[in-house]
Amino acid sequence: MRNLGLICILLVGISDKSLSAPPTPDMDGSKTMPSDAAEPFSHKPLRSTATDIGQRLFETKCGICHSNSSLYAGTQMLARRTKGNDKVLALRKEGVPAEYVKHVVRNGLVEMPPLSRNDLTDQELDAVAAYLARAK
Amino acid sequence: MADQKTVLPPGLNSAEFKLALKALAAAVGDQWVKSDAGTIAAYRDPYATLDDYAFLPSAVISPASVEEVQKVLKVANETNVPLWPVSTGKNYAYGGPAPRMKGTAVLDLRRMNRIIEVNEKLGYVFVEPGVSYFDLYQHLRSIGSKLWVDCAAPGWGSVLGNALERGAGYTPYGDHWGNQCGLEVILANGEIIRTGMGGVPKSKAWGAFKYGFGPYVDGMFTQSNLGVVTKMGMWLMGEPPAVKPMVIQFPREDSLAQIVDAVLPLRKAGIFNGGMMLSGILWEGGGISPRTRWYDGKGAMPASAISQMARDLDMGWWNLVTGLYGTEALIASNFEIIRDAMSSVPGAKVVTESDRPTDPAFAYRKKLMMGEPNMYEFNLINWVPGGGHIAFSPALPLDGAEAEKVYSLCSNTVHAAGFDWMGEFACQLRSCLQVQFLPFNRTDPDERKRAHETFHKLVGLCGDAGYGEYRTQLGFMDAVAKMYNFNDNSFMRLNEAIKDALDPKGILAPGKSGIWPKAIRGVPHA
């Protein structure tokens, strides 16, 4: 597999240790709802007005799990593995490597199920990966 | 990650398979027949107790029309390539898009995604398999329709696919199969049939009257392998004057029987008139944060930690989630009756929207009660690391003693194996389904094996006690089918006789619901 090296490096970062890491600060010890629960649980992702095609696809197709709140499954999953705002893919300062995005989308990654070419075409995936790869 | 080994349909060598793929490509176009590892990987079940390889397909074929499905079936019959039809492939916890038998080619119907008709006046739609709850919801809102979709909890599922699996929802139309009306089916020999009034070419009642004339065959195409359903009529509820979402919380685990017995008369009398989930605290609060927030030890979460979680989240050990539908006056009157009746259960607390303005669990349920799809419930995959989960779903009468018996049997079994009981009772009119997630760390081979064995134990124990599952994950279909063994398995003999008559070469979904084609009947599969 062409990108195996990159994938392995990135996988190491989320291996067993971090899978069972303590809850992230926004969950830890809170006796009330998580802090971002105050953000209404909305369907913004379904109504993207972004002009960039990659962003629009991300918000409508990926945003159902990766929007900016730990009440979305993908963001909650990444909260366990990452620090601060890294849990929100679209806010990662350095961007997310495009090849990594493409591999994870097609193969899934632990909790994340894969998306097929009928869910998201190769061309659409290229646009999403390019959007996520850009530094924010 | 999917195993990269080449997978072939059983009985075919790679030269024969190559020829078959060529013929399939001629039927639907080159780009819609794929057998490369990259494509196949997206059709595994990422949450199964067995490894990916156990249920990996050999190819994915994606037709775009009825005519193309017919052509694919013709080629499949000629080349012996078995097909596993999926609608959107999101049947997770029961297998996702993966086929029962390794090497079966997935017939992915996602591209057939037309909403063929919206009948605003009578309140129904006709959809193709690839239409998701999100798709239908957005379409209805965009045309200004006042019809509601009754959604399965994760909104990316197929409207048609979920109904064929006999899934459940939240509004008064929560019995998805119960609200189906009219099918178009392509049989294994390529013949197209339309059920109900669809048989009368000029009928205007295909989506309005289910039964037509003569044998009522629609049910034969649910959870089965007798045809490819390409269109389905689905009744939709018109927006009612008022809705009142509510949760009734009960603090004590041992109140289960009392709760169910208090619900039944109100259900029968139509006072409770929406979909209804009696949800355990791990399910109700499990989407808010992972388990480690409440308990970080090994084995099943102890009762003390579960009680603490309920207290911290201000939820019950049991949470009866439902909505009341009708006029303001009717709802107010029913609400009083319900409050009085349910107060017979110790500590019962009725909670409505104004009490829970920031509770995400209340918010997602409310959306579902009003026909708005979302993905919140998918958060439950984060409960334990490694995301594995399969659903154990036995059916039982809506009766307190029965619910208590099933809960004790299932919770004791999973606790003894070191797993949590995370579940809810989906309460219907006279029955309920104990829908129980078995969450496990799929990256831990020992835990995966233990989950597999525990699930088999659940199937056996519950089956022997009289509780058959209404739906199950791929690897347990044979075991569940064996529980329906009245009169020396006469039900399976009937299924097999029909299978042999309609699909003699056995090309459609081998092994679905434990029904195998004649040629490979009795051959062991993973």
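Residues numbered from 1 in each chain as written. Chains lettered and ligands numbered in written order. Predicted model: local features only at pLDDT ≥ 70, side-chain atom pairs only at ≥ 80, totals over all residues. Heavy atoms only, no water.

(A) Up close: the overall build of chain A. Helix and strand counts for chain A stand at six helices and zero strands. Mapped from its N terminus to its C terminus, chain A presents α and β elements in the order α-α-α-α-α-α. Across the 136 residues in chain A, those meeting the buried criterion constitute 54%. The contacts of chain A with a sequence gap of at least 6 include a subset with a gap of at least 24, amounting to 57%. When the accessible surface of chain A is split by element, carbon and sulfur atoms take 58% of a total near 6400 Å². (Helix = DSSP H or I, 4+ residues; strand = E, 2+ residues; numbered from the N terminus. Buried < 20%, exposed > 50% of the residue type's maximum accessible area, 1.4 Å probe, protein only. Contact = heavy atoms within 4.5 Å. Areas by Shrake-Rupley, 256 points an atom, 1.4 Å probe, with all protein chains shown as cover.)

(B) Spatial organisation of the nonpolar core. Within the largest apolar cluster, 115 residues are counted, with the highest numbers of intra-cluster contacts made by Phe272(B), Leu278(B), Trp318(B), Leu320(B), Ile338(B), Met342(B) and Phe425(B). Ranked by residue count, the leading element in this core is helix H6 (residues 256-268) of chain B, at seven residues. In contact with Leu320(B), not counting residues within four places along its chain, are Met246(B), Val247(B), Ile248(B), Phe250(B), Val263(B), Phe272(B), Met276(B), Met277(B), Leu278(B) and Met342(B). The next biggest cluster of nonpolar side chains, apart from the first, holds 32 residues, and it includes Cys62(A), Val104(A), Leu109(A) and Leu125(A). (Core = buried A, V, L, I, M, F, W, Y, C linked by side-chain atoms within 4.5 Å.)

(C) Up close: the sheet that holds strand E5 (residues 115-119) of chain B. Residue and element names in this part refer to chain B. The strand order across the open sheet built from five strands is E5-E6-E10-E8-E9, with neighbouring strands paired in antiparallel fashion. Only two strands of the sheet have a single partner each, and these edge strands are E5 and strand E9 (192-194). In this sheet, neighbouring strand axes are inclined to one another by 15 degrees on average, regardless of whether the strands run parallel or antiparallel. Against the sheet, helix H3 (residues 66-79) makes contact with strand E8 (180-187), E9 and strand E10 (227-235), and its axis sits at roughly 45 degrees relative to E8, the strand it touches most. The strands that helix H4 (residues 133-142) touches are E5 and strand E6 (124-127); relative to E5, the one it contacts most, it runs at about 50 degrees. (Pairing = 2+ DSSP bridges. Axes fitted to C-alpha atoms, helices over the stretch in contact; angles between N-to-C directions.)

(D) Spatial organisation of the interface of chain B and chain A. On the side of chain A, 40 residues touch chain B, which itself brings 52 residues to the contact. In this structure, the connection of chain B to chain A is made through three salt bridges. Along the contact surface separating chain B from chain A lie 15 residue pairs in polar contact (both at pLDDT 80 or more). When contributions to the side of chain B that touches chain A are tallied by element, the ones reaching two or more residues are helix H2 (37-40), H4, helix H8 (303-313) and helix H10 (360-369) of chain B. It is H10(B) that provides the largest number of residues to the side of chain B that touches chain A, a total of four residues. (Salt bridge = Lys/Arg side-chain N within 4 Å of Asp/Glu carboxyl O. Polar contact = N/O pair within 3.5 Å; in protein donor to acceptor, adjacent residues only side chain to side chain.)

(E) Region of interest: a nonpolar patch on the surface. All names here are of chain B. A cluster of nonpolar side chains, Phe-209, Tyr-211 and Tyr-216, forms an exposed patch at the surface whose accessible area comes to about 310 Å². Relative to the helices and strands, Phe-209 is located in the loop between E9 and E10. The partly exposed category is assigned to Phe-209, whose relative accessible area is 40%. (Patch = residues over 30% accessible without salt bridge, like charges linked within 9 Å, V, L, I, M, F, W, Y side chains within 5 Å.)

(F) Main features of the sheet that holds strand E2 (residues 60-61) of chain B. Read from one edge of the open sheet, four strands run E1-E2-E4-E3 (chain B), paired in mixed fashion. The strands lining the two open edges of the sheet, one partner per strand, are strand E1 (33-34) and strand E3 (83-86) of chain B.

(G) Summary view of the confidence of the model for chain B. Averaged over all residues, the pLDDT of chain B is 96; the fraction at 70 or higher stands at 99%. Taken together, the chains of this predicted complex give a pTM of 0.92 and an interface ipTM of 0.92. (pLDDT = per-residue confidence, 0-100.)

(H) View of the environment of Lys210(B). Residues and elements named next belong to chain B. Considering the arrangement of structural elements, one finds Lys-210 in the loop between E9 and E10. Through-space distance from the C-alpha of Lys-210 to that of Gln-180 is 7.9 Å; in sequence the pair is 30 residues apart. Those residues in contact with Lys-210, other than ones at most four positions away along the chain, are Trp-177, Gly-178, Asn-179, Gln-180, Cys-181, Gly-196, Tyr-216 and Trp-235. A polar atom in the side chain of Lys-210 sits 2.5 Å from the backbone oxygen of Gly-178. At a separation of 3.5 Å, a polar atom in the side chain of Lys-210 contacts the main-chain carbonyl oxygen of Gln-180.

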